[in-house]
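# Survey of secondary and tertiary structure
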Amino acid sequence: MIILKLGGSVITDKTKEGSFRKKVMDNLSKEIKKANKQIILIHGAGSFGHIHAKKYRLNEGFSRDEQIHGFSVTHEMVQRLNSMVLKSLQNNGIPAVSISPHSAVKLDDHKLVSMDYNVFEEYLKKQFTPVTFGDVVLDKKLSFSICSGDLLAMALANYFKPEKVIFALDEDGIYTSNPKIDKNVKLIDSTTIDELERLKTLADVHADVTGGMSGKIETIKNISKLGIDTILLNGNKPDRLYKVLVGEDTKSTIVYGDKK
Ligand code: IPE
């Protein structure tokens, strides 16, 4: 089984509120179908979630009444994105079912305290493709907060021990420094988590409510500790997802699972 996260920056235009990149999603759906692997799919919120989450400071928990409205708006928008993702998958022959973190996940001060893994397991057994996503959720200490797709990927990897975890991004992988600023960057095609730790501050790309690239490196570190490889690839470039799903070589960054 493979865990795949489609970043919000791939399936949405992060600068325009609520803009779904349907063509990109449809291409990814086709590649997933062609690869014919058992997967759990996670998608980010992109411009359906981050704009309101930031405006209402939802990740900081409850402090003022207007956040209640912000939470509700954000939740509705990410559900809307999720419906479009499901539709694209279905149109391409993938029997996708949505599992909302909203009801399957509980956090306490941003940390995951429980998740209904059984429901993922049952759908997998019955040949469905479970789809979950970054969402606003209840948080014991903070009243509510955000459960990112990366947190879901980490938790699901820990439980299911997949053969690999894949992140589809809007960049080719991880670079030696920030590709949006530095013209002399190099793509790292394979690395270990220890090497990556040293590059962490240099590689920070975009700061959003759920942590940007340095947050992602923390996620990868936890996956690596499980002995599982993580592969980061560009979800906008044709065939790369397909190739990584079936284990063929393509432009990407592989972070080896720690075999110690
Ligand atoms: C964020 O999820 C969820 C909300 C802002 C509600 P992610 O952190 O997984 O989303 P992307 O991939 O960065 O867009």
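Here the structure is a predicted model, which means the values were calculated and not measured. (Residues numbered from 1 in each chain as written. Predicted model: local features only at pLDDT ≥ 70, side-chain atom pairs only at ≥ 80, totals over all residues. Heavy atoms only, no water.)

### Description of helix H2 (residues 22–35)
The end-to-end C-alpha distance of H2, which contains 14 residues, comes to 20 Å, matching closely the 20 Å that a straight helix rising 1.5 Å per residue would cover. Those residues of H2 not exposed but buried are Val24, Met25, Asp26, Leu28, Ser29, Glu31, Ile32 and Ala35. Where H2 is buried, its residues touch strand S1 (2–6), helix H1 (8–11), strand S2 (39–43), helix H4 (66–91) and helix H10 (240–246). Count one or two residues on from H2 and you reach Asn36, which has phi positive near 55°. (Helix = DSSP H or I, 4+ residues; strand = E, 2+ residues; numbered from the N terminus. Expected span 1.5 Å × (residues − 1). Buried < 20%, exposed > 50% of the residue type's maximum accessible area, 1.4 Å probe, protein only. Contact = heavy atoms within 4.5 Å.)

### A word on the packing of aromatic side chains
This model, assessed by the stated rule, comprises 5 aromatic pairs. Where Phe62 meets Phe144, the ring centres are 6.2 Å apart and the plane angle is 80°; that geometry is what we call edge-to-face. With Phe62 in the loop between helix H3 (50–55) and H4 and Phe144 in strand S8 (residues 143–147), this pair connects stretches of sequence that are 82 residues apart. Arranged with centres 4.2 Å apart and planes meeting at 0°, the rings of Tyr117 and Tyr159 form a pair that is stacked. Highlighted residues: Tyr117 in helix H6 (residues 117–125) and Tyr159 in helix H7 (residues 149–160), separated in sequence by 42 residues. Clustering of aromatic rings is evident, with ring pairs tying together Phe62, Phe71 and Phe144. A cation over a ring is seen here: Lys34 above Tyr242, with NZ or CZ 4.1 Å from the ring centre. (Phe/Tyr/Trp six-rings, centres within 6.5 Å; stacked < 30°, edge-to-face > 60°. Lys NZ or Arg CZ within 6 Å of the ring centre and 35° of its normal.)

### Details of H6
Of all the residues in H6, the buried ones are Tyr117, Phe120 and Leu124. Relative to the axis of H6, the buried residues are bounded by an arc of 60° and lie together on one face. Along its buried surface, H6 packs onto S2, strand S5 (111–115), strand S6 (129–133) and H7. Taking the backbone nitrogen of Asn118 as reference, a side-chain oxygen 3.4 Å away marks Asp116 as the first, capping residue of H6. Trailing H6 by a residue or two, Gln127 shows a phi angle of about 75°, which is positive. (Arc of directions from axis to C-beta. Polar contact = N/O pair within 3.5 Å; in protein donor to acceptor, adjacent residues only side chain to side chain.)

### Focus on the layout of surface pockets
The method is simple in principle: a probe with the dimensions of a water molecule rolls over the atoms, and the space it marks as empty is what remains. When its volume is computed, the second largest pocket comes out at roughly 230 Å³. Lining of the second largest pocket is provided by 13 residues; of these, Asn36, Lys37, Pro95, Gln127 and Thr129 occupy positions nearest its centre. Considered class by class, the residues forming the lining of the second largest pocket number 6 nonpolar, 5 polar and 2 charged. (1 Å grid on protein atoms, 1.4 Å probe; cavity = no way out; pocket = protein on both sides within 12 Å on 5 of 7 lines; lining within 4 Å. Points joined across faces, edges and corners; volume = space filled by probe spheres on them. Nonpolar A, V, L, I, M, F, W, Y, C, P; charged D, E, K, R; others polar.)

### Some thoughts on the pattern of salt bridges
Taken as a whole and judged by the stated rule, the model has 12 salt bridges. The residue Glu60 makes a salt bridge to Arg57 at a minimum N-O spacing of 3.6 Å. What makes Arg57 partly exposed here is its relative accessible area of 46%. The partner of Lys216 in a salt bridge is Asp150, with the nearest N and O atoms 3.1 Å apart. Here Lys216, found in helix H9 (residues 212–225), pairs with Asp150, found in helix H7; they are 66 residues apart in sequence, far enough to count as distant. Taken as a pair, Lys216 and Asp150 share a single burial class, namely buried. By sharing partners, the salt bridges in this structure join Lys5, Asp150 and Lys216 into a single network. (Salt bridge = Lys/Arg side-chain N within 4 Å of Asp/Glu carboxyl O.)

### Examining the environment of Ile39
Turning to its location among the elements, Ile39 is positioned in strand S2. With a relative accessible area of 3%, Ile39 lands in the buried category. Note: C-alpha distance between Ile39 and Leu245 (206 residues apart in sequence) is 9.5 Å. Among all residues touching Ile39, those that are not within four sequence positions of it are Met1, Ile2, Leu4, Ile32, Leu124, Thr129, Pro130 and Leu245.

### With respect to the nonpolar core
Of all hydrophobic cores here, the largest spans 34 residues; its most connected members are Ile3, Met115, Leu156 and Phe167. In terms of residues, this core owes the most to one element, H7, which gives 7 residues. With 31 residues, the next largest nonpolar core counts Val10, Ile11, Met77 and Val85 among its residues. (Core = buried A, V, L, I, M, F, W, Y, C linked by side-chain atoms within 4.5 Å.)

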